[in-house]
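# Chain and residue survey
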Amino acid sequence: MKRVFPFLLATIFAVSFAQAGARADDNVAGAASAVSPGAGDNDARWMLTEENDKFASPDDRHYTQGIRLSRFSAPLAAGSTWDEPFIWLSANAPIFEDGNFKREYDWAIIGQSMFTPQNTQAQIPPSTDRPYGAWLYTGVSLLQETRHATHDTLENAELLAGIVGPAALGGPAQNDWHQFIGVNSAQGWTNQLHNEPGLAATYERKWRFEKPLGDYFSTDAIPELGATGGNVFTYAEAGGQLRFGHDLEADYGSSHIRPSLSGTGWFDPARMTGPLGWYLFVGAQGRAVARNIFLDGNTFVDSPSVHKRILVADFVAGASVFWRDDVRLDFTVVQRTPEFYGQQGTPDRFGSVGLVVGF
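Description of the structure in this document. Small disclaimer: the values here were computed from a predicted structure and weren't measured. (Residues numbered from 1 in each chain as written. Predicted model: local features only at pLDDT ≥ 70, side-chain atom pairs only at ≥ 80, totals over all residues. Heavy atoms only, no water.)

Another point: the pattern of salt bridges. Tallying each qualifying case throughout the model produces 25 salt bridges. Put simply, Arg258 and Glu204 hold a salt bridge, and the shortest N to O gap is 3.6 Å. Here the residue Arg258 occupies a position in the loop between β8 (233–246) and β9 (276–292), and Glu204 occupies one in strand β6 (residues 196–214), the gap between them amounting to 54 residues. Here the two residues Arg258 and Glu204 agree in accessibility, since each one is buried. (Salt bridge = Lys/Arg side-chain N within 4 Å of Asp/Glu carboxyl O. Helix = DSSP H or I, 4+ residues; strand = E, 2+ residues; numbered from the N terminus. Buried < 20%, exposed > 50% of the residue type's maximum accessible area, 1.4 Å probe, protein only.)

Considering the arrangement of structural elements, one finds Thr264 in the loop between β8 and β9. The exposure class assigned to Thr264 is buried, which follows from its relative accessible area of 3%. C-alpha of Thr264 to C-alpha of Asn156: the two residues are 108 residues apart in sequence and 7.6 Å apart in space. Excluding residues within four positions of it along the chain, Thr264 makes contact with Leu143, Leu154, Asn156, Lys206, Gly253, Ser254 and Ser255. Of note is the side chain of Thr264, whose polar atom sits 3.2 Å from the backbone nitrogen of Trp266. (Contact = heavy atoms within 4.5 Å. Polar contact = N/O pair within 3.5 Å; in protein donor to acceptor, adjacent residues only side chain to side chain.)

Glancing now at the side chain of Asn298. Tracing the backbone through its elements, the reader meets Asn298 in the loop between α4 (293–296) and β10 (311–323). At 3.0 Å, the side chain of Asn298 and the side chain of Glu196 are in polar contact. In this structure, Asn298 is in contact with Leu193, His194, Glu196, Arg291, Ile293 and Ser303, ignoring residues within four places of it in sequence.

Counting 27 residues, the largest nonpolar core has Trp135, Val164, Val232, Phe233, Ile293, Phe294 and Phe322 as the members making the most contacts within it. Breaking this core down by element, the ones donating at least two residues are β3 (100–116), β4 (133–147), β5 (152–164), β8, β9, α4 and β10. Phe86, Trp107, Ile109 and Val140 belong to the second largest nonpolar core, which has ten residues in total. (Core = buried A, V, L, I, M, F, W, Y, C linked by side-chain atoms within 4.5 Å.)

Turning our eyes to something else, we now look at the pairing of β6. Judged from the 13 bridges that link them, β5 and β6 form a sheet pairing that is antiparallel. Its bridge partner being in β6, Leu159 is matched across the sheet by Ala201. In terms of strand pairing, β6 meets strand β7 (residues 217–229) through eleven bridges, oriented antiparallel. Following the sheet pairing, Thr202 is matched in β7 by Thr228. Connecting β6 to the antiparallel partner β7 that follows it, the hairpin turn spans two residues, and Asp215 within it adopts a positive phi of roughly 55°. (Pairing = 2+ DSSP bridges.)

Okay, structure coming up:
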């Protein structure tokens, strides 16, 4: 733990100074992002996302816990220093379309995901069950919303970097928490994946088609396509969600931890018609998986592994409520189809809770 804290603190301070520098550059240029009156005056938001199988299931297995702390920037001024990565990517790749758009950053300050076999009391898990593994990471997403006459789009280019293995602190995190709440500790973390640097690069695009229903209520459909590549995850995905509620134009659904349906916390308070918004949603995502290190094992050395399934799907349902961009609460239940051959028991189910606070 002592070796990790300096890394976390350095990351947090670097992000804070970078954001301060970006605002200074924007002021020098005389450019400011407009926010409609009454939409809130927060220049940044913080999101804490916690996913845990205990939120939706009696089981404690497989994808058992994930947590991510993110900081969202204020909308970027066109032509500012922090706008340059968008400009460069747009000129060199078929992403970030021209038009009436807004841009911002999602800084993944710190995230951790943990995976265990079904039987956590065995010192040596059977070779037919998924291995222990954890992933500790940081990263950044470049987000752009583009408005069209008939629909809106949201593009997300994300890069995550971190470590897989004992250095990701999955064992201490799980067992210290289990000891605190009086639950048996997992016995097999000494047989987890080996240490390996991890990268995951993602590009995803969503389309939002809304149908007003009157009295500020509406419904919308949000299909999505995307792909992720790296030694941690490599997959192509397609999915979508249906929502019903009030002020749907403010976002594109609740944020979840990858791999999942919807991986962004984009929010635009300027598009709200009042201070309070909410919605209910259902959705699904299918993935064609070429690599999952937590099933395939380490990339460069021998390690525990299982025979993964190529096609995996998530089915989600949940609700979101928000007050301007000052505070927001999401809750989602996710059911995941089997990820490897020989997987025992009922389909995996976990819950996701997201809390956003603006400062």
